[in-house]
Amino acid sequence: MDNLLAQINKSAIKFLAPLAPVTTYKIIVREAVKLVDADYGSILLEQDGELKRVYASIKMAYTTQNRKRGNTYRSFAEKKVIVAPIGELGPLHPELSKYGVKWTIFIPLSYQNKSIGVLTINTRKEEKLDKKQFTALKLYGTLASLAIINTKALDETNKALETRDLFISLASHELKTPLTSINRYIQLLQKKAKTIDTIPINIIDNLARETNRLTSLVRE
């Protein structure tokens, strides 16, 4: 068990770092497959009330349909690790039989007692998981969930920053044209004020100073 926990800790270090969502999913699946010496895996996340596959280590997994009463949704709802033999899955998922899968492991992904998805692992080997492995995989699911939440938050923050930068860029571009026109008119007034005593030069100078300050802000 200690060796398995050490492996989980080593794996978690790889995917808990700030990464892009797809990169995080890829590492989570790869490390989970290595933990139980399986063959491939995938991640499904809850979106609009349904579990949608966001990453799979082989293309075939994307063609697998998940039933609302199946093990994927059951693991999601009950927040527990489920191991299903091919005898149970074969009639419903013949593609698994063709690929030689013997067992599918469903690992719940949850954060602060709220389910966010399911990590599935498929293996061609005959042996079943023991109790220690069950416990370890539940822990792995918790760490993977934390990584997914963090990477989604980071992704949303980056998108918000990109939107902000785009807005600032567009706003500054739109402000530059009228500011250029205003500056030209101020320069014209300053020239006129030198020859016409009735034009208040101090007001024009104040206007020029504030316009220059606004121009500097736009450039920044």
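Residues numbered from 1 in each chain as written. Predicted model: local features only at pLDDT ≥ 70, side-chain atom pairs only at ≥ 80, totals over all residues. Heavy atoms only, no water.

Undergrad: Teacher, can you tell me more about the pairing of strand β2 (residues 50-56) here?
TA: The two faces of the sheet receive side chains in turn, since in a regular strand these alternate between them. Across six bridges, the pairing between strand β1 (residues 40-47) and β2 is antiparallel. Residue pairing for β2: Q47 is matched across the bridge by E50. As consecutive antiparallel partners, β1 and β2 are separated by two residues, and within that stretch D48 has a phi angle of approximately 55 degrees, a positive value. (Pairing = 2+ DSSP bridges. Helix = DSSP H or I, 4+ residues; strand = E, 2+ residues; numbered from the N terminus.)

Undergrad: Just to check I follow, could you spell out the pattern of salt bridges for this structure?
TA: Think of it this way: side chains of opposite charge can pair up when their charged atoms draw near. This model, assessed by the stated rule, comprises seven salt bridges. The residue K34 makes a salt bridge to E31 at a minimum N-O spacing of 3.4 Å. Residue K34 and its partner E31 are both found in helix α2 (residues 21-35); the two are separated by three residues, about one turn of the helix. Between E78 and R74 there is a salt bridge, with its nearest N and O atoms 3.6 Å apart. Note that E78 and R74 are positioned in helix α3 (residues 71-78) at a spacing of four residues, about one turn of the helix. If you follow the salt bridges from partner to partner, you end up with K14, R30, E31 and K34 in one network. (Salt bridge = Lys/Arg side-chain N within 4 Å of Asp/Glu carboxyl O.)

Undergrad: Help me out: how do you make sense of unusual backbone geometry in this one?
TA: As a rule of thumb, non-glycine residues mostly have phi less than zero, and peptide bonds are mostly trans rather than cis. Of note in this structure, K79 is not a glycine but carries a positive phi near 55 degrees. Here K79 is to be found in the loop between α3 and β3 (82-85). The class of K79 is partly exposed, set by a relative accessible area of 23%. Of note, the phi angle at Q112 is positive, near 50 degrees, even though the residue is not glycine. For Q112, a relative accessible area of 68% corresponds to the exposed category. (Buried < 20%, exposed > 50% of the residue type's maximum accessible area, 1.4 Å probe, protein only.)

Undergrad: What am I meant to see in the sheet that holds β3 here?
TA: Within a sheet, neighbouring strands are paired by backbone hydrogen bonds and run either parallel or antiparallel to one another. The strand order across the open sheet built from five strands is β2-β1-β5-β4-β3, with neighbouring strands paired in antiparallel fashion. Every other strand in the sheet has two partners, leaving β2 and β3 as the edge strands with one partner each. Mean inter-strand twist for the sheet, computed between neighbouring axes without regard to direction, equals 25 degrees. Strand direction decides the pairing type here: β3 and strand β4 (residues 103-111), joined by four bridges, are antiparallel. Bridging across to β4, P85 finds its partner in W103. Against the sheet, helix α6 (residues 131-193) makes contact with β1, β3, β4 and β5 (114-123), and its axis sits at roughly 50 degrees relative to β4, the strand it touches most. (Axes fitted to C-alpha atoms, helices over the stretch in contact; angles between N-to-C directions. Contact = heavy atoms within 4.5 Å.)

Undergrad: For this particular structure, what's the right way to read the nonpolar core?
TA: For soluble globular proteins, nonpolar side chains are generally found buried alongside one another. Within the largest apolar cluster, 32 residues are counted, with the highest numbers of intra-cluster contacts made by I28, I43, I105 and L119. Elements with a contribution of two residues or more to this core: α1 (2-15), α2, β1, β4, β5 and α6. At seven residues, α2 tops the list of elements feeding residues into this core. Setting aside its immediate chain neighbours within four residues, I43 contacts Y25, I28, V29, K52, R53, V54, Y55, L109, V118, L119 and I148. L51, I82, F106 and V118 belong to the second largest nonpolar core, which has eight residues in total. (Core = buried A, V, L, I, M, F, W, Y, C linked by side-chain atoms within 4.5 Å.)

Undergrad: Before we go on, may I ask you to explain the packing of α6 against helix α7 (residues 201-219) in this structure?
TA: The axes of two packed helices give the description: the angle between them and the distance between them. The N-to-C vectors of α6 and α7 enclose an angle of 155 degrees; their axes lie 10 Å apart at closest approach. The angle between the axes of α6 and α7 places the two elements in the roughly antiparallel class. Of the two elements, α6 crosses α7, and the hand of that crossing is left-handed. Note on element contacts: α7 touches α6 through I201, I204, D205, L207, A208, T211, N212, L214, T215 and V218, opposite S172, L175, K176, L179, I182, N183, I186, L189, Q190 and A193. (Parallel < 35°, antiparallel > 145°, perpendicular 65-115°, else oblique. Left-handed = near helix turned anticlockwise from the far one by under 90°.)

Everything listed here is a matter of coordinates, which is why it stays silent on function.
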